Amino acid sequence: MGIKSPLITLMPNKTFFWFFLPTGLAMILFIGLPIISTGIQSFYAQHDQVVKEVKKCDPFGCTVSIVVDQEKTSKIREEKPLGKFNGFGTYVDRNHLAIEEIGKFWNETNSFGEFVDQVTNLPFYKALIFTLTYCLFVTPNVLLLGFIIALSLNAVTRRIRGPLIFGTILPMIVTPLVGSLVLFWMIDAEGIIGANLQMLMDDPYLSLKSSKTLTWITIIIYGIWHHSPFAFVVFYAALQTVPQEPVEAAIIDGASRWQRVRHIVLPHIYPVVTFVALISLMDNFRVFEPIIGFSAEGSAQSLSWLIYDNLVNEEVILFGSAAATSMMTIVGIAILLAPVLIRTWKEFRTAR
Amino acid sequence: MRETNMKKILISLLFLLFGTSVYADCNIKSGSINILANDFPALRTFVETAKGCKGSADFKVTHSSEHNKIAVPALTANPSEFSARIAANSSIVPLMNQDLIRPLDDLVKKYGKGIQDSQLITIDGKIMAVAFMANTQHLYYREDVLKELGIAIPKTYEEVVAASEKIRASGKMQYPYAAAYKAGWNLAEEFVNMYIGHGGEFFKAGTAQPSINNAKGVATLNMLKKLAGLSNPDYLTHDSEAIKVEWESGNVALMTLWASRSGTLLDDDGDAKITAATKLTGPATVAGGNIPAATLWWDGFTLAKNRSDADAEATFRALAHAAANKKMVADAADQAVWLIEGFKPGPKSIGVIEAVKMKAKPYPMLPQMGLMHGALGSEIVEFLQGKESAEQALKDVEAAYMSKAKEQGFL
């Protein structure tokens, strides 16, 4: 069973090639080449800075201090504009994989707990843990919630379905940054949710923004709220293709609602579930906007946020660092998707 | 029509009387001017004044609080997007590091009439920027609250802590202190101020090796944590704008904030009672030191290197007109502490004037300082949250800085 696209099964390879060519070219140009360029960038670091001592004067007085010697530096830069070849140097340094530091921690720490504490204190692993936690909590909940909403909406009378569907996909229509900012103000100690929570818990010091755990929970709940409509829309569309005969037959056989969902609906829309899970995982691994929207940099950093931080938060742009983290994010997504992809591929092979 | 003619005649008369000596030459015939600047009232006034002298040149301006993120990429392009960038002590450094701004000596000689020598930022004997205003972070206090509880105006951070505790104990305010502790740039800036107040040095003399993991660094962190404990628990999300709102809602009685924000705090918007009781004083010292736990900042203009000489000339003439403009300084006396001749400091300038008197240090203009600032902004957060020790936090800062500095070729 399952939905098979008639277009793909019937299309000869040659037609498919011409059909895909424009998309393929655009993908190479706008996705492939930038990734290659980022990859190359990640292997380079800046040239050694040649500095010299000079006198600096400003309205508050004069001091002797150092500046970058432009004459000497510009010569080196012109010869090798990419910078100094660094190999995997940036990948393994303390702000990324921190191989050396982890080795040191392993030797120096007394207990495994202490070792884990030290490792999770490193920026890359800190970000990785938040990213994975976010993915693992948001993805299944999005699937579940999306499916439940789709089932419920499919059951209500057709007359009110339109407005209900519109209301349900609203979180997806709202720009992520705006959505998170709205929630950010609502959970403020003086916002509607924050103040009511304080009353409810009878704790005037309760702040959703100051505690790390509560910040994580807030971001995860926001993520579920924002992504569920996507799952809902796809599931809802898939539900329309469920054949009515077996459902009716099941009803006559006395199957409960749950049994019908479990044995008829779910197997039918299973390929779509895989698809939504894939897209969701990919999206969630790149979580970024809510961190900015919630000003949560202090408590929650994701891999995407690290890239952003390297590119804009410093007065000096760390291209090498940002490129290395980007490449590792791509690898991370590939690893995360591998099980699902392998399974889909196997099913595809057996189906043929 | 007649009125405008009269105005023109009057202005021409004024020019005849004072023009040559007071105003920079404004007869700009060609070129295109495009300015990148931060966004606060004084800078808007400054750029507006420059615009008044644009003549027939093309004039554009981008005011953005995200100016730091745009500056380097925009000025790296050739020709660069902007012909001028309004920079400060810290933001001129990346421009210098990448060789993106041009020396101004010729232009100052030719068109810089009225600009005072003290306004010139010279590096290695070359004029790289022309400063026009000064800024610092200093204390603001609520006169009514302090008076009612019989608290003297705090002069040190120890006194700020004691005063805040007393206010909290009185039940008047739960979180009496505020400062911009938002994780990232703001928090790092608070560390820099407090560390300098303790007499600390960021690097081993003459090198780019960090040296903050010491007793002064620990004392700095402990003081920041004490102050954070007296602030709204959401302090890690509060930037200057957020604490300004806290102040205007009457939740705070003592605050460390930029001098350039005093104008908006003391304007007619908001609760008149709070505005009337809002008073300014110099920056506090800490740990018995005599220099304030604050840094001095200048704002000034720089010209892009990757732009034609004609554009640079037009831009310089317009900006120099503003940077030596006695009328602007008189009209906008309460917007900033202008470094321009003829400025008469008003009550809103107390903070900066006091800071200069107390010999506050300028923010360190070192090529690698931005990397240190960035490392501080993210690595001391966990200490404030109580998740790690001060020593560990400082060790983390140094390690994070070292990796970045290696990548940038400073180590």
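1. Here we look at the overall build of chain A
Working step 1: Helices and strands together make up the secondary structure of chain A, namely 16 helices and four strands.
Working step 2: Each principal axis of the C-alpha distribution contributes one length, and for chain A these read about 90 × 65 × 50 Å.
Working step 3: A buried classification covers 30% of the 352 residues belonging to chain A.
Working step 4: Excluding contacts between residues fewer than 6 apart, the proportion of contacts in chain A whose partners are at least 24 apart in sequence is 68%.

2. A closer look at the overall build of chain B
Working step 1: Helix and strand counts for chain B stand at 18 helices and 12 strands.
Working step 2: Rg of the C-alpha trace for chain B: 23 Å, near the compact-globule value of 22 Å for 411 residues, within the 12% margin.
Working step 3: Expressed along its principal axes, the backbone C-alpha trace of chain B runs to roughly 65 × 55 × 30 Å.
Working step 4: In chain B, buried positions account for 55% of the 411 residues.
Working step 5: Across chain B, the fraction of contacts at a sequence separation of at least 24, relative to all contacts at a separation of at least 6, is 75%.

3. Looking at the domain arrangement of chain B
How big an interface is tends to be expressed through the accessible area that disappears when the partners come together.
Residues and elements named next belong to chain B.
Working step 1: The domains assigned to chain B are domain 1 (10–130 + 298–344) and domain 2 (137–293 + 353–407).
Working step 2: Centre-to-centre, using C-alpha coordinates, domain 1 lies 31 Å away from domain 2.
Working step 3: Taken residue by residue, the interface counts 12 residues in domain 1 and 11 residues in domain 2.
Working step 4: In terms of residues, the side of domain 1 that touches domain 2 owes the most to one element, helix H4 (residues 92–97), which gives three residues.
Working step 5: Taken together, the residues of the side of domain 1 that touches domain 2 sort by class into seven nonpolar, four polar and one charged.

4. Description of the nonpolar core
Working step 1: If you look at the biggest cluster of nonpolar residues, it comprises 189 residues, and the most contacted ones within it are Ala 323 and Ile 380 of chain B.
Working step 2: Examining the composition of this core, we find that 11 residues originate from one element, helix H7 (residues 123–155) of chain A, more than from any other.
Working step 3: In contact with Ala 323 of chain B, not counting residues within four places along its chain, are Ile 115, Gln 119, Val 130, Phe 132, Phe 301 and Ile 340 of chain B.

5. With respect to the interface of chain A and chain B
Working step 1: With 44 residues of chain A at the contact, the number on the chain B side is 48 residues.
Working step 2: Of all the elements in the fold, those that place two or more residues in the side of chain A that touches chain B are strand S2 (51–58), strand S3 (61–68), helix H3 (70–79), helix H15 (303–313) and helix H16 (319–351) of chain A.
Working step 3: By residue number, the principal contributor to the side of chain A that touches chain B is S2 of chain A, which donates six residues.
Working step 4: Taken together, the residues that form the side of chain A that touches chain B break down as 16 nonpolar, 16 polar and 12 charged.
Working step 5: Looking at chain direction, S2 of chain A and strand S4 (residues 120–123) of chain B are connected through two bridges and run antiparallel. Looking at S4 of chain B, one finds that Cys 57 of chain A is bridged to Thr 122 of chain B.

6. Let's talk about the environment of Leu 177 of chain A
Working step 1: With respect to the element layout, Leu 177 of chain A can be found in helix H9 (residues 176–186).
Working step 2: Separated by 115 residues in the primary sequence, Leu 177 of chain A and Ile 292 of chain A have C-alpha atoms spaced 7.6 Å apart.

7. Let's talk about the domain arrangement of chain A
Residues and elements named next belong to chain A.
Working step 1: As far as domains go, chain A holds domain 1 (1–42) and domain 2 (122–351).
Working step 2: Taken over C-alpha atoms, the centre of domain 1 sits 26 Å from the centre of domain 2.
Working step 3: Each partner contributes residues to the interface: domain 1 has eight residues there, and domain 2 has 14 residues.
Working step 4: For the side of domain 1 that touches domain 2, the per-class residue count stands at three nonpolar, five polar and no charged.

8. Describing the confidence of the model for chain A
Residue and element names in this part refer to chain A.
Working step 1: Residues at a pLDDT of 70 or more form 96% of chain A, whose mean pLDDT is 89.
Working step 2: Confidence, read as mean pLDDT per element, is least for helix H1 (residues 6–10) in chain A (52) and greatest for H7 (95).
Working step 3: Here residues 1–7 is a poorly scored stretch, pLDDT under 50, and it has nine contacts once near neighbours within four places are set aside; other chains count.

9. Observations regarding the packing of helix H5 (residues 99–108) of chain A against helix H6 (residues 112–120) of chain A
All names here are of chain A.
Working step 1: At a closest axis distance of 9 Å, the pairing of H5 and H6 adopts a crossing angle of 160°. Of the possible angle classes, the one that applies to H5 and H6 is roughly antiparallel. As for the relative orientation of H5 and H6, their crossing is right-handed in sense. Note on element contacts: H6 touches H5 through Phe 115, Gln 118 and Val 119, opposite Ile 102, Phe 105 and Trp 106.
Working step 2: Of the residues in the contact of H5 with H6, the class split is five nonpolar, one polar and no charged.

10. Comments concerning the confidence of the model for chain B
Residues and elements named next belong to chain B.
Working step 1: Mean pLDDT over chain B works out to 90, with 94% of the residues at or above the 70 mark.
Working step 2: Mean pLDDT across the elements of chain B bottoms out in helix H1 (residues 2–22) (48) and peaks in strand S7 (residues 177–179) (97).
Working step 3: Segment residues 13–24: pLDDT under 50, and 13 contacts once partners within four positions in sequence are set aside and those in other chains are kept.
Working step 4: Reported confidences for the modelled complex are a pTM of 0.86 and an ipTM of 0.82.

11. Things to note about the sheet that holds strand S8 (residues 254–258) of chain B
Residue and element names in this part refer to chain B.
Working step 1: Strands sit in the order S7-S8-S6-S9 across an open sheet of four strands; the sheet is mixed. The open sheet is flanked by S7 and strand S9 (278–280), the only strands paired with a single partner. Put simply, the sheet's adjacent strands are angled 30° from each other on average, direction ignored.
Working step 2: Inspection of the sheet shows strand S6 (residues 137–142) paired to S8 by five bridges, in the antiparallel sense. Residue pairing for S8: Tyr 141 is matched across the bridge by Leu 254.

12. Focus on unusual backbone geometry
All names here are of chain B.
Working step 1: Cis geometry is found at the peptide bond from Asn 78 to Pro 79, where omega equals 0°.
Working step 2: Here Pro 79 shows up in the loop between helix H3 (67–76) and strand S3 (84–88).
Working step 3: Even without glycine at this site, Asp 124 takes up a positive phi of about 55°.
Working step 4: Its place among the elements puts Asp 124 in the loop between S4 and strand S5 (126–135).
Working step 5: Phi at Lys 359 is positive, roughly 65°, even though this residue is not glycine.
Working step 6: Structurally, Lys 359 can be placed in the loop between helix H15 (350–357) and strand S12 (361–362).
Working step 7: Exposure remark for Lys 359: the 12 C-beta atoms within 10 Å place this residue in the exposed category.

13. Concerning the environment of Ser 42 of chain A
Residue and element names in this part refer to chain A.
Working step 1: By secondary structure assignment, the location of Ser 42 is in helix H2 (residues 13–42).
Working step 2: Using a count of 25 C-beta atoms within 10 Å as the deciding quantity, one classes Ser 42 as buried.
Working step 3: Not counting residues within four places of it along the chain, the set of residues in contact with Ser 42 comprises Thr 90, Gly 320, Ala 323, Ala 324 and Met 327.

Thresholds, definitions, all that
Residues numbered from 1 in each chain as written. Chains lettered and ligands numbered in written order. Predicted model: local features only at pLDDT ≥ 70, side-chain atom pairs only at ≥ 80, totals over all residues. Helix = DSSP H or I, 4+ residues; strand = E, 2+ residues; numbered from the N terminus. Buried ≥ 20, exposed ≤ 12 C-beta atoms within 10 Å, placed from the backbone. Contact = placed C-beta atoms within 7 Å. Rg over C-alpha atoms; globule rule 2.2 N^0.38 Å. Domains from an automatic or database assignment. Nonpolar A, V, L, I, M, F, W, Y, C, P; charged D, E, K, R; others polar. Core = buried A, V, L, I, M, F, W, Y, C linked by C-beta atoms within 7 Å. Pairing = 2+ DSSP bridges. pLDDT = per-residue confidence, 0-100. Axes fitted to C-alpha atoms, helices over the stretch in contact; angles between N-to-C directions. Parallel < 35°, antiparallel > 145°, perpendicular 65-115°, else oblique. Left-handed = near helix turned anticlockwise from the far one by under 90°.

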